[in-house]
Structure formats: structure tokens, C-alpha cells
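# Per-entry structural report
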Amino acid sequence: MNKVFGILLVGFSAALFNSNSIASVSVEEAIQKRIEMFKASKANIKKLRELIRADDTTEAAKLLDFHLKWSEEMPLLFPPGSEASTSNGSDASSDIWDDPIGFKNVIKQYNLKSKELRKSLRGADSASINETFESFAGACKACHKQFRN
Ligand code: HEC
């Protein structure tokens, strides 16, 4: 892909996300967008860990908005036909489409753990915040183990 086209694509996907038209994206756009979201998720969780270490629970709680939104929108970015292939750059396991209920359940867990952590950050002591954080991070790993190649 040439550079100009690459830049155009990045701008285009940013516009897509902003316009809330996430439900009508093509397979290629869905893959590109979800990889972007997972990268943002990784950066977010790193920041979250730092804020928790620094005991800045107010700022940390705000970062959970991303995870709540993403855990609700995630299914829209896994349209049929978007599993990993040799040409599409995706690592999504075909088990996502073979076991849709299982996939839905791990997304649900991610959603619940995000809510639990936000609640904990808004009130709990640091010992239980650490515990809830680990359990939240475990929701990422559980899904990867089962549904990422
Ligand atoms: C419900 C399942 C699920 C959950 C929950 C989940 N992931 Fe993933 N993740 C995936 C799948 C599937 C892929 C592969 C997507 C693709 O390549 O099309 C992926 C890919 C990634 C990638 C690689 C992106 C790249 O560069 O290609 C990162 C980083 C990542 N996830 C981080 C996270 C973090 C951090 C969390 C938790 C906050 C999380 N994920 C939660 C399913 C999940």
C-alpha cells in the first residue's frame, strides 16, 4: 500500500468510528478497525496500571469508559467472513463463528469485569482494586486463549 493511500485509510476509519456507522462497515474495514481498537485497548490498560500504582483512582475510573463501550460494540466488528486468512492480517480464530455463544459469553465477561473494576475504583481499598484489576486483565487473556490464533 502506498503512503498516501495508507494515510487516507487511517483518516477514513477515524471518520467511520466518529460517525457511529460502525454497523455497516465492510469486512476489510471491520478487521482494520478492530485491530485498531485492540491496540488502543492495550495502551489503555497500560495507562490504567500506571494510574492504579500511583493511586489516582479518579483518573483510572475514567479509562473504563473505553472498555465499557468497546465491550458493547465488539460484536459489530466481527462480521461473518472476517476470520484470519493468509491475506487479511487478522488473528481471529474461526472458533468465533463456530461457537458464537461462547464468544458472546467472553465478551459479556469482559463487560462485567469492566463494570466491576470501575465500581471498585470509585470506592474500594487498594487491595481489592488490585484484585479486581487482575481479574479484569484476565478477561482479555481468557478470550485470547480461546478465540485468537
Ligand atoms: C471477546 C474476546 C476478546 C477480548 C475480551 C479481548 N480481546 Fe484482544 N483480541 C481478540 C481477537 C479475536 C483478536 C484478533 C483480532 C484480529 O486480528 O482480527 C485480538 C487482538 C488483540 C491485540 C492485537 C492487535 C494487533 O496488533 O493485531 C491486542 C494488543 C489485544 N487484543 C489486546 C486486548 C486487551 C488489552 C484486552 C482487554 C482489555 C483484550 N484484547 C480483550 C479478542 C479479544
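Just so you know, these numbers come straight off a predicted model, no measurement behind them. Residue numbers run consecutively from 1 along every chain, following the written order of its sequence. In keeping with the model being predicted, local features are shown solely for residues with a pLDDT of at least 70 and side-chain atom pairs are shown and tallied solely at 80 or more, while totals for entire chains, interfaces and linings include all residues.

With that out of the way, let us pick up the overall build of the protein. Secondary structure summary: the protein contains six helices and zero strands in total. Counting from the N terminus, the helices are the DSSP runs of H or I reaching at least four residues and the strands are the DSSP runs of E reaching at least two. Ordered by position in the sequence, the α and β elements of the protein form the string α-α-α-α-α-α. Any residue whose C-beta has 12 or fewer other C-beta atoms within 10 Å is treated as exposed, any with 20 or more as buried, and any in between as partly exposed, C-beta atoms being built from the backbone. Considering the protein as a whole, with its 149 residues, one finds that 21% of them fall into the buried category. Residue pairs qualify as contacts under a 7 Å threshold applied to their C-beta atoms, which are placed from the backbone. Pairs at least 24 residues apart make up 58% of the contacts formed inside the protein by residues separated by at least 6 positions.

What follows is about the packing of helix H3 (residues 57-73) against helix H5 (residues 100-123). Axis geometry follows a simple rule: fit a line to the C-alpha atoms, using only the stretch in contact for helices, then measure angles between N-to-C directions, giving values from 0 to 180 degrees. Axis separation between H3 and H5 bottoms out at 9 Å; the angle between their running directions is 165°. Between H3 and H5, the angle is such that the two are roughly antiparallel. By crossing handedness, the relation of H3 to H5 is classed as left-handed. Contacts from Thr57, Ala60, Ala61, Leu64, His67, Leu68, Ser71 and Glu72 of H3 reach H5 at Ile107, Tyr110, Asn111, Ser114, Lys115, Leu117, Arg118, Leu121 and Arg122. Geometric relationships in this document are graded by angle, where less than 35 degrees denotes roughly parallel, more than 145 denotes roughly antiparallel, 65 to 115 denotes roughly perpendicular, and other angles denote oblique. In this scheme the handedness of a crossing depends on how the near helix is turned from the far one: anticlockwise by less than a right angle means left-handed, clockwise means right-handed.

Here we come to unusual backbone geometry. Positive phi is not limited to glycine here, since Asp55 has a value of about 65°. We classify Asp55 as exposed; it has 10 C-beta atoms within 10 Å.

Close to the ligand lie 21 residues; Phe38, Ser90, Tyr110, Cys140 and Cys143 are nearest. Those elements that provide at least two residues to the shell around the ligand are helix H2 (27-53), H5 and helix H6 (126-147). Of the residues contributing to the shell around the ligand, the split by class is 12 nonpolar, four polar and five charged. Residue proximity rests on one test: whether the C-beta atom, placed from the backbone, lies within 6 Å of the molecule or strand. Residues are sorted three ways: Asp, Glu, Lys and Arg are charged, Ala, Val, Leu, Ile, Met, Phe, Trp, Tyr, Cys and Pro are nonpolar, and all the rest, Gly among them, are polar.

What follows is about H6. For a helix, the expected span equals 1.5 Å multiplied by the residue count minus one. Between the first and last C-alpha of H6 there are 32 Å, a value that for 22 residues agrees with the 32 Å anticipated at 1.5 Å per step. Listed in full, the buried residues belonging to H6 are Phe133, Phe136 and Ala139. Here the buried face of H6 lies against H2 and H5.

Connectivity within a nonpolar core runs through C-beta atoms within 7 Å, and the core itself is a set of buried Ala, Val, Leu, Ile, Met, Phe, Trp, Tyr and Cys residues. The biggest cluster of nonpolar side chains holds 22 residues, and the ones touching the most others in it are Ile107 and Leu117. Mapped onto this core, the elements with two or more residues apiece are H2, H3, H5 and H6. With six residues, the single largest contributor to this core is H5. With sequence-adjacent residues up to four places away left out, Leu117 is seen in contact with Leu64, Thr132, Phe133 and Phe136.

Treat this as a map of the structure, not an account of what it does.
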